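Chains, contacts and geometry: an overview
Each chain, written out:
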Amino acid sequence: MASRLNCHSTLLISLLFLAPRIALPAGDTPPQVTFNKDVAPILYAHCAVCHHPNDIAPMSLLTYGEVRPWAAAIREAVVQRVMPPWHADPHIGEYINDPRLSEQDIATIDAWVKGGAKEGSPEDLPPLPEYNNSWHIKPDLILAIPEQTVAAANQDDYEYIYVPTNFKEDRWIRAAEVIPGDRRVVHHATVSVIAADKVPTGKKPGENLGPFEFRTGQVNHLKPDAPVSDDGCAPSTVPGLESFSQGYLNHVAGIYLPGHLAEVRPPGYALKIPAGSYLQFQVHYSNRLKEPVKDRTSIGLVFAERPVAHEVAQYEIWNNYFLIPPGDNAHKVTSCFTLPKDLTVVAYTAHMHFRGKSMTTEAIYPDGRHEMIFNVPKYDFRWQETYFLKHQYVMPKGTKLVTTAYFDNSVNNPLNPDATKAVRWGEPSNEEMMGFWLAFADDVPQTPKQEVNRLDATQ
Ligand code: HEC
């Protein structure tokens, strides 16, 4: 404790000398850190994007009146670096969307709270940030699904809904955001680009079961007696199962996951939506309420200015054959995927459910070099950020990506729905998934044809 206090006072002292905003006034009066002058600019820049009315955070942090009751909690959240949320190890990779506060901002908030959380002079208050409904981007076009009714007390339900773009020419998408119509029932929504002739007319994609899957209602699960391999890199000798890991190619336009904000791609990088394409909305509904709820989830698209030099797509790499024993607090599961071509790496996402504990991905290059490229040391289901790299880099064909995840199926995991259950792959969030998603770009705009897309493969 003493050393922590020391560390803060050192920071504060350096602040007093360095920060022009806290210049010492003449005379002996100690400088006062105020909300209006010092704290509001930090909150507006780093917190208000979620902490304003009708957004994902439970309280608005815009006015002094709103912020004051939270002062102690805010200090705690920023000193512990719980807020703003960020789960990638900052020592591995640098990310464009890293929202972490500087040491100086943390010291300012700390000093403000310790100094009595004063309001300050009204003329120091910067203008309130403005928000356009719940969009964090300025969409050029919004496409919504037709209204869905999610029945009362509905169990988990995956719906696939197809929305025509009616694009007469190829369009390039620089940024996108998926907004649930009703956050109480939308667990996640993934919007992918799909050619008009691939829109299923008979069975829904979810009804095409893999050899070891079964379906209840509108969701799929792995059969309890399906083959088990926590090591997704081990060779499979199971008939009908080529390997325990799979990498699927997906052209994701946008995604809504808890804590996931808009998909803003680096300049020059964009997703191609070919003329006439449809958008497939895969929406995971889960209604715990006693009344039916209506939903119209939508996607907002921002068009890229031409020319676009890099076309983005995504490999979704999975091991679906793990078995997490009851009570195990650190159960290891791996997956392996070898790149079928050269590509430029753009972003990473870790996807697990409530029992997910940590995830790392190591690249083993064709020349034998090993490199840790991604680390989420404390995974939190409520925060599934996509981590956009500051420096995109080329990964050669033949690079092997080895992902290692740990799951906590013990009672010590406060999010664990049931520590007495052996857990296998399943779409509901009380079952598990182990996914590492690699967003990449191809330099010459083209749609790769040779890879297998999950939908193609299962039709
Ligand atoms: C990406 C959206 C987002 C950003 C950015 C964000 N918050 Fe939050 N914050 C949330 C959500 C959602 C919750 C409630 C869920 C949770 O606690 O995880 C929350 C909870 C909190 C809490 C309550 C924690 C508790 O003790 O229950 C505090 C305090 C807080 N935020 C402060 C801040 C501050 C200060 C910043 C900026 C430095 C910030 N937040 C940035 C979304 C955000």
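For every chain, the first residue of the written sequence is number 1, and numbering continues from 1 onward in sequence order. Restriction of local features to residues with pLDDT of at least 70 applies here, the model being predicted, together with a cutoff of 80 or more for giving and counting side-chain atom pairs; totals for whole chains, interfaces and linings are based on all residues. Excluding hydrogens and water, the side-chain values take into account all heavy atoms of the structure.

1. Observations regarding the state of the cysteines
Disulfide assignment relies on a single distance test, namely cysteine sulfur atoms paired within 2.5 Å. Under the criterion given, the structure shown has one disulfide. Each sulfur in the disulfide pair Cys233 and Cys336 lies 2.1 Å from the other. Taking the sign of the torsion about the S-S bond as the criterion, the disulfide between Cys233 and Cys336, at about 85°, is right-handed. In this pair, Cys233 is assigned in the loop between strand E7 (219-222) and strand E8 (245-250) and Cys336 in strand E16 (residues 331-338), connecting sequence segments 103 residues apart. For Cys233, a relative accessible area of 30% puts it in the partly exposed group. The numbering of helices and of strands both runs from the N terminus, where a helix is a DSSP run of H or I of at least 4 residues and a strand a run of E of at least 2. With a 1.4 Å probe rolled over the protein chains alone, any residue whose accessible area is under 20% of its type maximum counts as buried; one over 50% counts as exposed, and the rest are partly exposed.

2. Topic: the coordination of the iron atom of the ligand
Every protein donor of the iron atom of the ligand is listed here as His51 (NE2) and Met83 (SD), and their distances to the metal cover 2.0 to 2.3 Å. Listed donor atoms are N, O and S within 2.8 Å of the metal (Na, K and Ca: 3.2 Å). As water is not included, a site may look incomplete. Metal sites are grouped by the angles between bound donors: all angles between 85 and 135 degrees with four donors is tetrahedral, opposite donors over 155 degrees apart with the others between 65 and 115 is square planar for four donors and octahedral for six, and any other pattern is irregular. Given six donor atoms and angles of 85 to 179° at the metal, the environment of the iron atom of the ligand is assigned as octahedral. Of this pair, His51 sits in the loop between helix H2 (35-46) and helix H3 (64-67) while Met83 sits in the loop between helix H4 (71-79) and helix H5 (103-114), and the two are 32 residues apart along the sequence. Among the residues examined, Met83 registers a relative accessible area of 32% and is labelled partly exposed.

3. Quick look at the environment of Ala405
Examined against the element boundaries, Ala405 turns out to sit in strand E21 (residues 400-407). As a C-alpha pair, Ala405 and Met359 span 46 residues in sequence and 4.3 Å in three-dimensional space. Throughout, a contact is declared for two residues whenever any of their heavy atoms are within 4.5 Å. Residues within four places of Ala405 in sequence aside, it is in contact with His331, Lys332, Val333, Met352, Ser358, Met359 and Met434.

4. Focus on empty space enclosed by the protein
Put simply, the grid is 1 Å and covers the protein atoms alone, a cavity is a trapped set of points that fit a 1.4 Å probe, a pocket is an open set with protein on both sides within 12 Å along at least five of seven lines, and lining residues have an atom within 4 Å of a point. Grid points are joined across faces, edges and corners, and a volume is the space filled by probe spheres set on the points. If you walk through the whole model with that rule in mind, you get four cavities of 30 Å³ or more. The calculated volume of the largest cavity comes to roughly 130 Å³. Together, 13 residues line the largest cavity, and Glu263, Arg265, Val312, Gln314 and Ala439 are the ones closest to its centre. Those elements giving two or more residues to the lining of the largest cavity turn out to be strand E15 (310-319), strand E17 (343-351), strand E20 (386-395) and strand E22 (435-442). Broken down by element, the residue count for the lining of the largest cavity peaks at three residues, all from E15. Grouping the constituent residues of the lining of the largest cavity by class yields eight nonpolar, three polar and two charged. Empty space within the second largest cavity amounts to approximately 70 Å³. In this count, Pro and Cys sit with the nonpolar residues alongside Ala, Val, Leu, Ile, Met, Phe, Trp and Tyr, while Asp, Glu, Lys and Arg are called charged and the others, Gly among them, polar.

5. Observations regarding the site of the ligand
Whether a residue is near a molecule or strand is decided by its heavy atoms; if any one of them lies within 4 Å of it, the residue is near. The immediate surroundings of the ligand are formed by 17 residues, with Cys47, Cys50, His51, Pro58 and Met83 found nearest. As used in this structure description, the phrase polar contact means that two N or O atoms lie within 3.5 Å; if the pair is within protein, one of them must be able to donate a hydrogen and the other to accept it, and residues adjacent in sequence are counted only when both atoms belong to side chains. Take His51: an N or O atom from its side chain is 2.8 Å from a nitrogen atom of the ligand. Looking at the shell around the ligand residue by residue, the class counts come to 15 nonpolar, two polar and no charged.

6. Digging into the packing of aromatic side chains
Two rings from Phe, Tyr or Trp (for Trp, the six-membered ring) form a pair when their centres sit within 6.5 Å of each other. Planes less than 30 degrees apart are called stacked, planes more than 60 degrees apart edge-to-face, and all others tilted. This model, assessed by the stated rule, comprises 18 aromatic pairs. Measuring from ring centre to ring centre gives 6.1 Å for Phe35 and Trp112, while their planes differ by 45°; the resulting arrangement is tilted. Taken as a pair, Phe35 in helix H2 and Trp112 in helix H5 lie far apart in primary sequence, 77 residues in all. Residue Phe35 is classed as buried on the basis of its relative accessible area of 1%. Members of the aromatic cluster, connected to one another through ring pairs, are Trp86, Tyr95, Tyr348, Phe374, Tyr387 and Phe436. Positioned above the aromatic ring of Phe167, the side-chain terminus of Arg171 is 5.8 Å from the ring centre. Between Arg171 and the ring centre of Phe303, over which it is positioned, the NZ or CZ distance is 3.9 Å. Any Lys NZ or Arg CZ that is within 6 Å of a ring centre and within 35 degrees of that ring's normal is treated as a charge sitting over the ring.

7. Here we look at H2
When we look at burial in H2, the residues that qualify are Phe35, Asn36, Asp38, Val39, Ala40, Ile42, Leu43 and Tyr44. Lining the buried residues of H2 we find H3 and H5.

8. A closer look at the sheet that holds strand E3 (residues 157-164)
In this description, strands pair whenever DSSP reports at least two bridges between them. Across the sheet, which stays open at both edges, the four strands sit in the order E3-E12-E5-E9 with antiparallel pairing between neighbours. One side of each edge strand has no neighbouring strand; the edge strands of this open sheet are E3 and strand E9 (252-256). Here the strands of the sheet are splayed against their neighbours by 15° on average, with no regard to which way each runs. The sheet contact formed by strand E5 (residues 186-194) and strand E12 (residues 278-285) spans eight bridges and is antiparallel. Directly across from Ile194, in E12, lies its bridge partner Tyr278. The axes used here are C-alpha line fits, helices contributing only the stretch in contact, and every angle between their N-to-C directions lies in the interval 0 to 180 degrees.

9. What about the nonpolar core?
Within the largest apolar cluster, 55 residues are counted, with the highest numbers of intra-cluster contacts made by Tyr348, Phe374, Met395 and Leu401. Ranked by size, the runner-up nonpolar core spans 33 residues in total, among them Ile145, Leu271, Phe303 and Ala439. Residues enter a nonpolar core if they are buried and are Ala, Val, Leu, Ile, Met, Phe, Trp, Tyr or Cys, with the set joined through side-chain atoms within 4.5 Å.

10. Considering the sheet that holds E16
Adjacent strands of a sheet form backbone hydrogen bonds with each other and so pair up, either parallel or antiparallel. Spatial ordering of the open sheet is given by E16-E21-E18-E19, a layout of four strands whose pairing is antiparallel. A strand with exactly one partner marks an edge of an open sheet, and here the two such strands are E16 and strand E19 (370-376). Across the sheet, the axes of successive neighbouring strands diverge by a mean angle of 20°, strand direction being ignored. As judged from the eight bridges shared by strand E18 (residues 356-364) and E21, these two strands associate in the antiparallel manner. Residue pairing in the sheet places Ser358 in a bridge with Tyr406 of E21.

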